[in-house]
Amino acid sequence: MVTTWLPLPRLQGAAELLDCPDNSDEEICENLRDLERLNRYFGGVRTVLLHLGRMVGERSQSPLTILDIATGGADIPRAICRWARKRKLAVAIEAVDRSDQVLAAATEWSRDFPEIRLRGVQVPPLPYPDHSFDYVIASLFFHHLNEAEGILLLREMARVARRGLLVNDLLRSRLACLLTAMTTRLLSGNRLTRYDGPMSVLRGFRPQELRRMATKAGLANVRLSHHLWFRIALTKEIAT
């Protein structure tokens, strides 16, 4: 009973099935659609748009340039495009991922969004000059990294961003792991979704861990916030 109340240690060295090379195209597409639904209904999209909207404010620069790291099926960039269209704000989004299978699906699903350019990139580091984008976003990616990689990526995000950066990920806890396991089994029959969902939570970072990584990356005045459905966001605005 005592261990129930102790901090849940981060799972180290485990791989998610999505990162394995032998998944079929069908399984990948099903998994990415599941992630899109989970982001839509369980806070991923809401968290990104909340913080992006706060950082952008009333700025009307055209276009607003955004880098989305490890974009997956590009559901976050598409959500940003819909948000920007409602605001009559022009955006240009560079969406990157390392997987050709994932990029093929993202390309098919983003055909109606000319604002999005998809590109195969392995990160970190980021293959862009300093201050290349207004904002740099990483959603549901940091839990794939170890601490050293996370520190490097935060440093790289700050380097290529002109106005701000946003990390949106899962908050590690026993309750989050339990509810994620239940939710993915209720909503999907895809083996990647069912396995990777709770695994992602177990690999997630706690707020104090993210803050320590930001400090080691040289980032001052970062903002950490909790959101519904065990989401955590780290943001930093850059003075211009």
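Please refer to the structure placed before this passage.
Presented here is an overview of the structure given in this document. Every chain is numbered independently, its residues counted from 1 as its sequence is written. Confidence filtering applies because this is a predicted model: local features only for residues at pLDDT of at least 70, side-chain atom pairs given and counted only at 80 or more, and all residues used for totals across whole chains, interfaces and linings. Excluded from the side-chain calculations are hydrogens and water; all other atoms, namely the structure's heavy atoms, are used.

1. Digging into the pattern of salt bridges
Opposite charge on two side chains allows them to pair when their charged atoms are near. What counts as a salt bridge is simple: a side-chain nitrogen of Lys or Arg found within 4 Å of a carboxyl oxygen of Asp or Glu. Throughout the structure, instances matching the rule amount to 19 salt bridges. A salt bridge links Arg40 to Glu36, with the shortest nitrogen-to-oxygen separation between them at 3.6 Å. Residue Arg40 and its partner Glu36 are both found in helix α1 (residues 25–41); the two are separated by four residues, about one turn of the helix. Residue classification places Arg40 among the partly exposed residues on the basis of a relative accessible area of 41%. Relative accessible area decides the class of each residue, using a 1.4 Å probe on protein chains only: under 20% of the type maximum gives buried, over 50% gives exposed, and in between gives partly exposed. For Glu36, a relative accessible area of 9% gives the class buried. A salt bridge links Arg159 to Asp130; its shortest N-O distance comes to 2.8 Å. With a gap of 29 residues between them, Arg159 in helix α5 (residues 147–160) and Asp130 in the loop between β3 (116–120) and β4 (133–139) connect regions that are remote in the sequence. Judged by its relative accessible area of 47%, Asp130 falls in the partly exposed class. One connected set of salt bridges, linked through shared partners, spans Arg33, Glu36, Arg40 and Arg78. Helix numbers and strand numbers start at the N terminus; a helix is a DSSP run of H or I with at least 4 residues, a strand a run of E with at least 2.

2. As for the packing of α1 against helix α3 (residues 75–86)
Two numbers describe how α1 lies on α3: the axes approach to 10 Å, and their chain directions differ by 45 degrees. As summarised for this structure, α1 and α3 are arranged oblique, according to the angle between their axes. Of the residues in α3, those touching α1 at Arg33, Leu35, Glu36 and Asn39 are Asp75, Ile76 and Arg78. When residues are grouped by polarity, Ala, Val, Leu, Ile, Met, Phe, Trp, Tyr, Cys and Pro land in nonpolar, Asp, Glu, Lys and Arg in charged, and all others, Gly among them, in polar. In the contact of α1 with α3, the residues fall into two nonpolar, one polar and four charged. Helix axes use the C-alpha atoms of the stretch in contact, all axes being lines fitted to C-alpha atoms, and the angles between their N-to-C directions lie in the range 0 to 180 degrees. Oblique is the label for any angle not under 35 degrees, not over 145, and not in the 65 to 115 range, which are roughly parallel, roughly antiparallel and roughly perpendicular in turn. Throughout, a residue-residue contact means that at least one pair of heavy atoms, one from each residue, lies within 4.5 Å.

3. Re α5
Taking 1.5 Å per residue as the helical rise, α5 with its 14 residues ought to reach 20 Å, and the 20 Å between its terminal C-alpha atoms agrees with that figure. When α5 is considered as a whole, its buried residues turn out to be Gly150, Ile151, Leu153, Leu154, Glu156, Met157 and Val160. On its buried face, α5 is in contact with β1 (64–69), β4, β5 (161–170), α8 (207–216) and β7 (231–237). You can read the cap of α5 off the contacts: a side-chain oxygen lies 3.2 Å from the backbone nitrogen of Ala148, and it is on Asn146. Every helix has an expected span of 1.5 Å times one less than the residues it contains. For this analysis, a polar contact is any N or O atom pair within 3.5 Å, provided that within protein one partner can donate a hydrogen and the other can accept it, and provided that sequence-adjacent residues contribute only side-chain to side-chain pairs.

4. Some words on the sheet that holds β7
Two strands qualify as a pair provided that DSSP identifies no fewer than 2 bridges between them. Across the sheet, seven strands lie side by side as β3-β2-β1-β4-β5-β7-β6; this open sheet has mixed pairing. The open sheet has two edge strands, β3 and β6 (223–227), and neither has a second partner. Strand-to-strand twist across the sheet, computed as the mean angle between neighbouring axes with direction ignored, equals 20 degrees. Here β6 pairs with β7 via five bridges, running antiparallel. From the neighbouring strand, His227 faces β7, where its bridge partner is Arg231. Where helix α2 (residues 44–56) meets the sheet, it contacts β1, β4, β5, β6 and β7, and its direction lies at approximately 20 degrees from that of β7. Strands β1, β4, β5 and β7 of the sheet are contacted by α5, whose axis makes an angle of about 145 degrees with β5.

5. Section: the environment of Asn23
Here Asn23 is to be found in the segment before α1. In the structure, Asn23 is positioned 78 residues away from Gln101 in sequence and 9.1 Å away in space, judged by C-alpha atoms. For Asn23, the contacting residues outside a window of four places in its chain are Leu17, Leu18, Ile28, Gln101, Arg191 and Leu192. Looking at Asn23, its side chain comes within polar contact range of the main-chain oxygen of Leu17, at 2.7 Å. Among the polar contacts made by the side chain of Asn23, one reaches the main-chain carbonyl oxygen of Cys20 at a distance of 3.0 Å.

6. Examining the nonpolar core
Residues enter a nonpolar core if they are buried and are Ala, Val, Leu, Ile, Met, Phe, Trp, Tyr or Cys, with the set joined through side-chain atoms within 4.5 Å. Formed by 32 residues in total, the largest nonpolar core has its most connected members in Leu67, Ile69, Leu126, Phe142, Leu154, Met157 and Leu234. When contributions to this core are tallied by element, the ones reaching two or more residues are β1, β4, α5, β5, α8 and β7. Of all the elements, α5 adds the most residues to this core, at five residues. Discounting chain neighbours no more than four positions away, the residues touching Leu234 are Leu154, Leu165, Leu166, Val167, Leu210, Ala214, Val222, Arg223 and Leu224. Membership of the second largest hydrophobic core comes to 23 residues, among which are Met55, Ala84, Leu89 and Ile137.

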